[in-house]
Amino acid sequence: MHRRITRRDFINGVAVTAGAAFMPWHLLAGDESDPQKLRGYYPPAKTGMRGSHPGSFEVAHSLRDGTFWDSAGKPIDTGETFDLIVVGGGISGLAAAHFYRKAVGEKARILILDNHDDFGGHAKRNEFHINRAFRLGFGGTFSIESPAPYSAVAKGVIEELGIDVPSYSKYFDKHLYRSFELYPKFFFDKETFGADKLVINPIPHGGDDAEDPERSSAALLKRFTSEDPPISDQAKGDLQRLLLESEDYFPGLTSDEKKAKLARISYANYLRDTAHVHEEIVKMQQALPHGLFGVGIDAVSAQDAWGLGFAGFKGMKLDPTPGKGMNRDAIPNEEAEKYFFHFPDGNASIARLLVRKLIPEALPGREMTDIILTKADYAKLENPASPVQIRLNSTAVRVKHIGDSASAAEVEVTYAREGKVYTARAKHSILACWHVVIPYIWDEIPEKQKQALASAQKVPLLYTNVALRNWTSFQKLGTNTVYAPGMYHTFFNLDLPVSIGGYECARKPAEPIVVHMMKTPCHPGLPAREQHTMGRIELYTTTFETMERNIRDQLARTLGAGGFDPARDIEAITVNRWPHGYAYEYNSLWDSFWLEGGITPCEVARKPLGRIAIANADAGAYAYTDEAINQAWRAVGEITKRV
Ligand SMILES: Cc1cc2nc3c(=O)[nH]c(=O)nc-3n(C[C@H](O)[C@H](O)[C@H](O)COP(=O)(O)OP(=O)(O)OC[C@H]3O[C@@H](n4cnc5c(N)ncnc54)[C@H](O)[C@@H]3O)c2cc1C
């Protein structure tokens, strides 16, 4: 652990310090006004701090702080005019460009602006070369999946891109990790539980594993207890009771009455005050919903916990149809569950396929399979001869109609790039960016709408990819996935084994692999929105060096007994930092307007005005790719009526 980190504490020759994260925006100027055209410009291969990387957020933060225009100078008029300028190059922005061309014609001239150095928004691709093996990782959006079935519109786009969702089983090696007898494990850490110990994980995430009796709750619990976990006998008994027994804790109430009650209490309090389990059992489950909600069980309702298949509801006889006030993430739907596809770089493949449709010369090819190994040519994303251009490293700072919004023929978009400020004009604009940004860049809308936009909290997350030279320590310890509620990253797992389009996943423990680690910076005890605000500050103010130390420490403590040595086994680390991560989904513990059927803030927030409309997954308060597409479709419909 104490050996020097030599490979990765410098990113592109620049020492990563807290100071670098707070560089004034106008000092971020590079030598080139056109960075995408520099030789070797290839963001997917960058390691270190990615996601909202240094250089991507300073302009927006100085707008927020009211200092931007002090140092902006007079914007340079590019003289360009477009049919459409899209702000935000995530899946929603790319889909909006796609729908607009379908509505207006393929010759429509479109400019897409994004503040990051890569396109895709949260759907980002991470590449690694480890001992001559090529490995991909997902930097954000993991897969085609959604709690509810994809709409006809969203499915239509997936099909137009050539993605054959039902063919997924051809590419996914479902049995690989089972063939090595790898199991989910639970890591008790000494700071939370008094001792470091890796044991079998008995806690179900979504019910029993029906296919394999050896992986049923009862079988896993038996193994867990025999491995001498560092919890009291009372806690062990309570866990057994919670997992295996069927008690109705609210006798005499109807299913609807029970659900209404469960919607208003946190799962943590349900465990404590209703199921009366030992506090150690509450601590063990604290981080279970991190991956879906970005908060722990203190801030997720017991009703949602039931919907997600968490323990303690067997005897409650709850009607399995969705209840009022239930988070959509927690409503099981068989049709939706079947509609799943994971590319090795996650939904970055969707973003790349959309870019291929918009600018074919930048990502040539014909099939969903050949997209995997095709390198994007970033210089070609910004070719004035192409009807569609994607201008990266460009933050929109002002959007307005030229004249009165009711009668204007054009809009003007001002953006900052490499320390300079530019303007361009278009017939229309779609803001497919994060809603919290819009009040700072679009002054024309009513105050009430600005407040609704500002309330679109984002859920902060870290998606870390660690490139390892081999995974023999995992094999020796009999695990492919570890849940560690007390550690920096609360989950980590070996990459999902998917081979597609000539890309081969690791099949043998001696082969290089990517380990995916997930952290949500929570502050248990506070309301969910406050936890997200504090977590966002935490992510922006933690250096890559600190994160790297935490990663090395965690992997060494968890896998050391299997022979893992961080200095020897880690080849590279990419931390995908998303302080503005998932769209905020309404929470029945705090958001009563939603529980009571009132108009939701996202409906107020997404209202179009004149020639400008609003997209992004935030517009549906739903953190999924299908919603990003649905909202793009709605936004394009709103403005093309005027063409
Ligand atoms: C870590 C993570 C994992 C996820 N996993 C899944 C998953 O497995 N499946 C799923 O369906 N969904 C997942 N999601 C949800 C994901 O957000 C959506 O699926 C979808 O990718 C959102 O697309 P979007 O275009 O609406 O927003 P984004 O992807 O956020 O794109 C918006 C873009 O606008 C840019 N922008 C903001 N302000 C400006 C400005 N002023 N000027 C220029 N650009 C600006 C942003 O930087 C960003 O690049 C995940 C999200 C995260 C964060």
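An account of the accompanying structure is given in this report. (Residues numbered from 1 in each chain as written. Predicted model: local features only at pLDDT ≥ 70, side-chain atom pairs only at ≥ 80, totals over all residues. Heavy atoms only, no water.)

The full count for this structure, using the stated rule, is zero disulfides. Its sulfur unpaired, Cys 602 is 15 Å from the next cysteine sulfur, which belongs to Cys 433. (Disulfide = S-S within 2.5 Å.)

Helical geometry note: an α-helix holds 3.6 residues per turn, so side chains three or four residues apart project in the same direction. The terminal C-alpha atoms of helix α25 (residues 625-640) lie 23 Å apart, and with 16 residues this matches the ideal 22 Å at 1.5 Å per residue to within 8%. Of all 16 residues that make up α25, 14 are buried, and the element is covered over most of its length. (Helix = DSSP H or I, 4+ residues; strand = E, 2+ residues; numbered from the N terminus. Expected span 1.5 Å × (residues − 1). Buried < 20%, exposed > 50% of the residue type's maximum accessible area, 1.4 Å probe, protein only.)

Looking now at the side chain of Glu 127. Looking at the element boundaries, Glu 127 is found in strand β6 (residues 125-130). Residue Glu 127 is classed as buried on the basis of its relative accessible area of 6%. Looking at Glu 127, its side chain comes within polar contact range of the side chain of Tyr 42, at 2.6 Å. Ignoring sequence-local partners within four residues, the contact set of Glu 127 consists of Tyr 42, Pro 44, Ala 45, Phe 134, Arg 135 and Leu 136. (Polar contact = N/O pair within 3.5 Å; in protein donor to acceptor, adjacent residues only side chain to side chain. Contact = heavy atoms within 4.5 Å.)

All right, on to the pairing of β6 then. In terms of residue burial, β6 counts as a mostly covered element, since five of its six residues are buried. In the sheet, β6 pairs with strand β7 (residues 133-138) via six bridges, with the strands oriented antiparallel. Considered in β7, the bridge of Arg 125 is made with Phe 138. Following β6, the chain reverses through two residues before pairing antiparallel with β7; Asn 131 in that reversal takes a positive phi of roughly 45°. (Pairing = 2+ DSSP bridges.)

A few words now on the sheet that holds strand β17 (residues 513-519). Taken in spatial order, the eight strands line up as β3-β18-β14-β17-β16-β15-β8-β9 in an open sheet, and their pairing is mixed. Edge positions in the open sheet fall to β3 (48-51) and β9 (197-200), since each of these has one partner strand only. Ignoring strand direction, the axes of neighbouring strands in this sheet form an average angle of 25°. On top of the sheet, helix α8 (residues 217-226) reaches β8 (183-188) and β9; it is set at about 150° to β9, its chief contact. (Axes fitted to C-alpha atoms, helices over the stretch in contact; angles between N-to-C directions.)

With that settled, consider the environment of Lys 124. Its place among the elements puts Lys 124 in the loop between β5 (110-113) and β6. Between the C-alpha atoms of Lys 124 and Arg 50, which are 74 residues apart in sequence, the distance is 9.4 Å. Those residues in contact with Lys 124 that lie beyond four places of it in its chain are His 116, Asp 118, Phe 119, Gly 137, Phe 138, Gly 139, Gly 140, Asp 345, Ala 348 and Trp 578.

With that out of the way, let us pick up the site of the ligand. Close to the ligand lie 35 residues, the nearest being Asp 114, Asn 115, His 122, Trp 434 and Thr 625. Asp 114 places a polar side-chain atom, nitrogen or oxygen, 2.7 Å from an oxygen atom of the ligand. At 3.4 Å, a backbone N or O of Ala 623 approaches a nitrogen atom of the ligand. Protein contact buries 98% of the 980 Å² of open area that the ligand shows by itself. Every element with two or more residues in the shell around the ligand is listed here: α3 (91-104), β11 (394-401), β14 (458-468), β18 (570-583) and α25. Broken down by class, the residue content of the shell around the ligand amounts to 17 nonpolar, 16 polar and two charged. (Near = heavy atom within 4 Å. Areas by Shrake-Rupley, 256 points an atom, 1.4 Å probe, with all protein chains shown as cover. Nonpolar A, V, L, I, M, F, W, Y, C, P; charged D, E, K, R; others polar.)

On to the packing of aromatic side chains. Taken as a whole and assessed by the stated rule, the structure comprises 33 aromatic pairs. Summarising the aromatic geometry, the rings of Tyr 168 and Phe 172 are spaced 5.4 Å apart at their centres and angled 15° between planes, so their arrangement reads as stacked. With relative accessibility at 24%, the residue Phe 172 sits in the partly exposed group. Judged by centre distance (5.4 Å) and plane angle (70°), the ring pair of Tyr 168 and Phe 340 falls under edge-to-face. Here Tyr 168, found in helix α5 (residues 168-171), pairs with Phe 340, found in the loop between α15 (334-338) and α16 (348-358); they are 172 residues apart in sequence, far enough to count as distant. (Phe/Tyr/Trp six-rings, centres within 6.5 Å; stacked < 30°, edge-to-face > 60°.)

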